[in-house]
Every structure is written in structure tokens, then in C-alpha cells.
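# Architecture at a glance
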Amino acid sequence: MQKKFYITTPIYYVNDVPHIGHVYSTVAADVLARWHRMQGDAVYFVTGTDENAQKNAEVALRQRTGDSVQGTDREVVQRYVDTMSAKWQMTWDELGFSNDDFIRTTEARHIAGVNTFFIAVQKRGDIYKGKYVGLYCTGCEAYVVESDLVDGKCSLHKKEPKKLEEENYFFRASKYKQQLLDHIASHPEFVEPQSRRNEIIQYIKHHFDDFSISRTALSWGIPVPGDPSQVLYVWFDALLNYCTAVGYGTDEMKFKKFWPADVHLVGKDIIKFHCALWPAMLLSAGLPLPKAVFAHGFFTINGQKISKSLGNAIDPVDLVKKYSIDAVRYFLLREIPFGEDGDFSLARLQERYNADLANGIGNLTARVVTLAEKFKVSVKGGSASGGERHLLREKAQDTWRVYEKAIAEYRFHDALAAVWDFSTSCDGYIEEKKLWTLKGDEAVAVIAPLLEALRHIAWWLWPVMPTTAERIFDQLGILDAVRKQSLQEAKKWGNAQFAVKKGQSLFPRLTS
Ligand code: MSP
């Protein structure tokens, strides 16, 4: 039976346009989605926008000037989130993400699901009214305590949190504390990477308590079912996108097919919401828990936090115009081990572009294809690709093993390193055989396995650098039907036919 694979990114706040940090989570999810499609899985890949947050409303209303923006506050904010969400969707389209869905939390299907969910939790007896007295950071859209602050300010947003004293609805999260700890203990893959697991366990043990899930003073947000004088706390609505996108409350068949999610990819900043609040909510509603939450690290730009005020929030579309989307995807996943923090620098991107792409894979492809054309190498059914014990064949088999294991463990940088290692072996093989000195059949016998090697490289690159993979396939003359074959077939050495046709350079060298 066909396996399903449901993967999500965080849904993004629309108080600003996307920056390279947001692209990072989405690229990683896109790679996994493509990889699972290659394996023949029924993939559902969801991303989207988180629109009911207070900070979105604040920006929308701040931008309202003179008569230019007519209407009530709600109308102004709605128009703002419509415009911004469209910008996010357009950017994601320009970057070529293969998401199957783009969910917006202001959509009717989401609001319907949130209502159904709230009622289920209420029926469980897990919602009660109480007084919330405490601090709230709008930047984080989170309740904070004194110990989270530095000099009275949120360490992330450098702003004093607001003091709240409100009669709110509370979610009885504490009831699920032990169940959560037991689940994490018996499902170590639930929180990944492992280094985050302990952080979550300590958090649940010592800080996880009942949660205020509504706000009285706000007019923007989803009204609390049965009490429109309050709106739902944004996380209690946003997390539900993972269920509502696959039909919770609106399309039970679809929900049954895809839920639970196979993995939620998130940044480390929001892991507590995903590994404590979210599973507690699901336990209360009697729904299965996601299989895994993977938290990647944060990166800085030239050593500094990405921030609008510092003016370093690189526009992903500009970056892609200069380097190509595949180079950016490659760099993001190759440079920083997924799960760790790292630094993004344009100088490093340029370096890697020239070394790994222009001189590396790009050069190897051009070299092999040029020689294959020159010697009119056509390989039918792999008869000339070197036989059972060929050095490159053995190396390719090893590379498949390392690559697959690395991707399954979210070690994209290791998967890519293995591919580049293989490509270095191909260069070494050319040198060793002194290919440029060979003639006739001798040359053909050396070039044919290199064509086969390039075909394998293209398969490995496909999830990470889809356009590059296609361009290599084009130059090798691999037919469309073959590109769609199963991974089992693709992995076989000497199983393809080539009709080589040199194309343009994959990665022209950049000088500035
Ligand atoms: N709306 C919430 C998530 C709700 S999910 C139910 C949110 N949105 S966000 O717009 O602030 O973006 C969140 C995600 O963007 C982070 O979790 C992370 O995945 C990604 N990143 C934002 N800045 C980043 C870096 N500087 N580095 C790496 N990832 C970054 O939180």
C-alpha cells in the first residue's frame, strides 16, 4: 500500500515580508516532500500564514493613515493580511516550493476546524474561566515571566512586555503533563534533534501549566465559540492549522488519510509550543499526536540577528536572482548542519557557489558531457557502464546508503557532502585514467561509467536542487519516463540509455 507522508512548516506571521530565515524552514520541508514523492509516497506538504496574531493587527493599524484606508479596524486588518498573505504566496511560488497547500488562518475551513476543536476540548472539561495576571510579549505572541526578561525587556524583541490582568478562558494543560512526559520517553523521535529533548522535558516538568487561551481586550482574532466578547489566543488557533489544512472539521476523509503529521519542521524558537502545548491540546481532543517535531537552529547574517532595524533581512527573491534558487537551496542546507545554529554570509555563499557548484558539479558535468559528445558515446542498456565491479559503481552504492540515512536523519549537509565526495571521486577517476590522452574505444570505456555516475548525481540532487537535476538529465538525454521511474530502478547501475547533448553551463562562475 502507498505510504502517506504529511509534512508541515510553521505558518508565518504576516507582519512583515519573508526573509531568508523563513525560507530556510520551507526549503528543508520542500526537500523532504520531494524526497518522499520520489519514493512514491502520497505526500501532503503544507505551509501558510498565521494571520490572527496581535502583531499583525498592530502593524496594519499603525500603517493606517488619513483617509487612504477606509473601514472598521477589522476591515483594515483583514485587507492588510489579505495583501500580505498574497505576497508570501507569491514569494513561495517564485521560489518554486512544491507545497500542496497554503493555509491561511483567516480562511473559513480553518475557523470551522478551530470551532470544532474548541468544543471537543470543552466537552472534555478542559476549559475553565479564570483570572490571568501576568506579562505578554507581543513580539513572541507569548506569555512570559520575569525570569525570561533581561533588564525588564524581552531578550529577543528588546521590548517591555505588556502587563495583563484579564478574566480569560484557560486550557487545563497541566492535566496532560504526565502523559506528555510518558509519550516523549516512549517515543524518542517525537522531539528531534535529541539535544532539544531534554530542554522540553525540563520545561514540561517545571514550567508547563494551565494556559490562558483567550483575550478580552482584542478585536482581531477568532471569537471564542459561545462567547464572542473574547478572541482565542493566537497559538491555540495557529497550531490547529496542521489539522485544519488536512480537513479537520470540514473533510473527515482527508483528515483520516493524512493525520497525524509525519513531521512538523519548526525553528528552535517555537519548539515549546509544538512539543508541549500542541500535544496537550491534541490529547485533550482525543486526536493522535504528530509523529515527530524537528527543530532546526537559527542563523545570523554576518554574525548578526536577522532584523529589519539592522537592515540585514536579505530578500530571498533578490538573492535567487543573482545566484539561482538551486544555489541558495544548496548553500542553506550544506553550510549549516540542520538543527544547529550557524551564520549566513554572502561571502561564503559566493565561495561555495564558485568552489562547489561552478568548479565542482558544474565543471564535472560539462567535462563528461563534452567528452561523451566528442567520442560519440552512446550507452544502451548499460552495456558499457563498467560492469559489476566498477569502482564508481561501488562508490555510488555506498553513496546511496550514506545519502538515504542522512536524509532520514535530517542531516542534509551530510547527504550533500556524500554527493560531493562522489563527484570528487569522478574527477579523480578522470585524472587516474588520463582520459584526455585516450582515444577510440578506450576513451568510450572510461566515459560510459561517468555518464552513469552523473545520472546518479542527478537523482541525489533532485530533492535539493530540482532544476539542476533536470538540466543534468536533459544533457544526458534521459527520457521523461525514466525520470519518473521508481527509486529502486533509478538506483541500479547501468540501467539507463543516454543521448548526450551538451547544454549551457549549470553554474557560470561569478566574479563579484
Ligand atoms: N507564526 C508562528 C508559528 C506558528 S506555527 C503554528 C511564528 N512565525 S514566524 O513568522 O515568526 O516564523 C517562524 C519560523 O521562521 C521560525 O520558527 C523558523 O522556523 C523561521 N525563522 C525565522 N527566523 C529565522 C532565522 N533567523 N533562522 C532560521 N529560521 C528562522 O513563529
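Residues numbered from 1 in each chain as written. Predicted model: local features only at pLDDT ≥ 70, side-chain atom pairs only at ≥ 80, totals over all residues. Heavy atoms only, no water.

Another aspect to go through is helix 4 (residues 108–123). End to end, helix 4 covers 23 Å across 16 residues, agreeing with the expected 22 Å (1.5 Å per residue, within 8%). Among the residues making up helix 4, those that are buried are His 110, Gly 113, Val 114, Phe 117, Phe 118 and Val 121. Buried residues in helix 4, looked at end-on, bunch into an arc of 135°, giving them a common side. Exposed residues pointing more than 90 degrees away from the buried face of helix 4 are listed as Ala 108 and Lys 123. Where helix 4 terminates, the next one or two residues include Gly 125, which has phi positive at roughly 80°. (Helix = DSSP H or I, 4+ residues; strand = E, 2+ residues; numbered from the N terminus. Expected span 1.5 Å × (residues − 1). Buried < 20%, exposed > 50% of the residue type's maximum accessible area, 1.4 Å probe, protein only. Arc of directions from axis to C-beta.)

Another aspect to go through is the site of the ligand. Taken together, 25 residues lie around the ligand, and Ile 11, Ser 25, Asp 50, Asp 269 and Phe 299 are the ones closest in. Here an oxygen atom of the ligand and a side-chain polar atom of Ser 25 are 2.6 Å apart. When isolated, the ligand has an accessible area of 660 Å², and the protein chains bury 94% of it. Mapped onto the shell around the ligand, the elements with two or more residues apiece are strand 1 (4–13), helix 1 (20–38), helix 7 (234–238), helix 8 (241–244) and strand 14 (263–267). The residue inventory of the shell around the ligand, partitioned by class, reads 14 nonpolar, 9 polar and 2 charged. (Near = heavy atom within 4 Å. Polar contact = N/O pair within 3.5 Å; in protein donor to acceptor, adjacent residues only side chain to side chain. Areas by Shrake-Rupley, 256 points an atom, 1.4 Å probe, with all protein chains shown as cover. Nonpolar A, V, L, I, M, F, W, Y, C, P; charged D, E, K, R; others polar.)

The element strand 14 is largely enclosed, with a buried count of 5 among its 5 residues. Side chains of strand 14 alternate between two faces, with Val 263, Leu 265 and Gly 267 and His 264 and Val 266 buried alike. Judged from the 2 bridges that link them, strand 1 and strand 14 form a sheet pairing that is parallel. Pairing of Ile 7 across the sheet is with Val 263, part of strand 14. With 4 bridges joining them, strand 14 and strand 15 (residues 293–296) adopt parallel strand pairing. Along strand 15, the bridge assignment pairs His 264 with Val 293. Remark: the strand 14/helix 10 (residues 271–285)/strand 15 crossover connection has right-handed handedness. (Pairing = 2+ DSSP bridges. Right-handed = clockwise from strand over helix to strand, strands pointing away.)

Glancing now at the pattern of salt bridges. Evaluated as defined, the whole model comprises 33 salt bridges. With its nearest N and O atoms 3.2 Å apart, the salt bridge here joins Glu 165 to Lys 131. Taken together, the positions of Glu 165 in strand 8 (residues 162–171) and Lys 131 in strand 4 (residues 127–137) put the pair 34 residues apart, joining distant regions of the chain. Judged by its relative accessible area of 56%, Glu 165 is exposed. In this structure, Arg 455 engages Glu 452 in a salt bridge whose closest nitrogen and oxygen atoms are separated by 2.7 Å. Pair noted here: Arg 455 and Glu 452 are both in helix 16 (residues 440–461), with a separation of 3 residues, about one helical turn. The pair Arg 455 / Glu 452 is uniform in exposure class, with both members buried. Connected via shared salt-bridge partners are Glu 335, Arg 348, Glu 351, Arg 352 and Asp 356. (Salt bridge = Lys/Arg side-chain N within 4 Å of Asp/Glu carboxyl O.)

Moving on to helix 15 (residues 412–432). When the terminal C-alpha atoms of helix 15 are compared, their 30 Å separation across 21 residues agrees well with the 30 Å that a helix rising 1.5 Å per residue should span. Within helix 15, burial applies to Phe 412, His 413, Ala 415, Leu 416, Ala 418, Val 419, Trp 420, Phe 422, Ser 423, Cys 426, Tyr 429 and Ile 430. Buried residues along helix 15 sit against helix 1, helix 12 (325–335), helix 13 (346–374), helix 14 (391–408) and helix 16. With its phi angle positive at about 45°, Lys 434 sits one or two positions after the end of helix 15. (Contact = heavy atoms within 4.5 Å.)

Once that is clear, we can look at the nonpolar core. In this structure, Ile 20, Leu 265 and Phe 344 are the most contacted members of the largest nonpolar core, which totals 111 residues. The greatest single-element share of this core, amounting to 13 residues, is contributed by helix 16. Residues contacting Ile 20, with those up to four places away along its chain left out, are Phe 299, Ile 301, Ile 306, Ile 314, Pro 316, Leu 319, Val 328, Leu 332 and Phe 344. In terms of nonpolar packing, the next biggest core, distinct from the first, is built from 69 residues, Val 114, Val 191, Leu 240 and Phe 273 among them. (Core = buried A, V, L, I, M, F, W, Y, C linked by side-chain atoms within 4.5 Å.)

The tally for this structure, following the rule as stated, stands at 44 aromatic pairs. An angle of 65° between the planes, with centres 5.6 Å apart, marks the rings of Tyr 24 and Phe 338 as edge-to-face. Of the two residues, Tyr 24 sits in helix 1 while Phe 338 sits in the loop between helix 12 and strand 17 (342–344), which places them 314 residues apart along the sequence. Accessibility assignment for this pair places Tyr 24 and Phe 338 in one class, buried. One residue, Arg 215, lies across the ring of Tyr 136, its end atom 4.5 Å from the ring centre. (Phe/Tyr/Trp six-rings, centres within 6.5 Å; stacked < 30°, edge-to-face > 60°. Lys NZ or Arg CZ within 6 Å of the ring centre and 35° of its normal.)

Function-wise, these values are silent; they only describe arrangement.
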